[in-house]
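# Coordinate inspection notes
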Amino acid sequence: IAVCGDASVLIRGQYDYVLANINRNILLADMDSYVRALKPQGGHIFLSGFYEADIPMLLEKAASLGLEEVSRRSRDDWALLVLEKQMK
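Everything quoted here is computed from the prediction, not taken from an experiment.

Here is what the cut-offs are and how they apply
Residues numbered from 1 in each chain as written. Predicted model: local features only at pLDDT ≥ 70, side-chain atom pairs only at ≥ 80, totals over all residues. Heavy atoms only, no water. Core = buried A, V, L, I, M, F, W, Y, C linked by side-chain atoms within 4.5 Å. Buried < 20%, exposed > 50% of the residue type's maximum accessible area, 1.4 Å probe, protein only. Helix = DSSP H or I, 4+ residues; strand = E, 2+ residues; numbered from the N terminus. Contact = heavy atoms within 4.5 Å. Expected span 1.5 Å × (residues − 1). Bend = angle between axes of the 7 residues up to and from the residue. Polar contact = N/O pair within 3.5 Å; in protein donor to acceptor, adjacent residues only side chain to side chain. Pairing = 2+ DSSP bridges. Right-handed = clockwise from strand over helix to strand, strands pointing away.

With 20 residues, the main nonpolar core has Tyr34, Ile45, Leu47, Phe50 and Leu67 as its most contacted residues. Secondary structure elements with two or more residues in this core: strand E1 (17-21), helix H1 (24-36), strand E2 (44-51), helix H2 (55-64) and strand E4 (78-85). Ignoring sequence-local partners within four residues, the contact set of Ile45 consists of Val18, Tyr34, Val35, Leu38, Leu67, Leu81, Val82 and Leu83.

This is the structure in structure tokens:
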């Protein structure tokens, strides 16, 4: 299932993957909504649309929500983070 929109989009169910491609401030504000949309364990969030310098701030927020970094990529100062939901 693909649902396009921001975190205010009504999402029913839980998913293996969430992709969010938008700026750092919106990612930070909406990350808890992304986590709620993931399956209880092992779901992945792909975050992109932000700068490499934003990574520490995003990882701090991710850790507070039980997410762990799986990988990262960057090109021309743009970055992608892959995060995995950890068991509570």
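With 13 residues, H1 should cover 18 Å at 1.5 Å per step; its first-to-last C-alpha distance of 19 Å lies within 8% of that length. Most pronounced at Asp30, the bend in H1 amounts to some 50 degrees. Buried within H1 are the following residues: Leu27, Leu28, Asp30, Met31, Tyr34 and Val35. Between the side-chain oxygen at the start of H1 and the backbone nitrogen of Asn25 there is a gap of 3.0 Å, and the oxygen is on Asn23.

Both faces of the sheet carry side chains from a regular strand, because those side chains alternate between them. Sheet topology places E1 next to E2; five bridges connect them, and they run parallel. Among the inter-strand pairings, Leu19 is bridged to a residue of E2, identified as Phe46. You can see the chain leave E1, run along H1 and come back into E2, and the turn it takes is right-handed.

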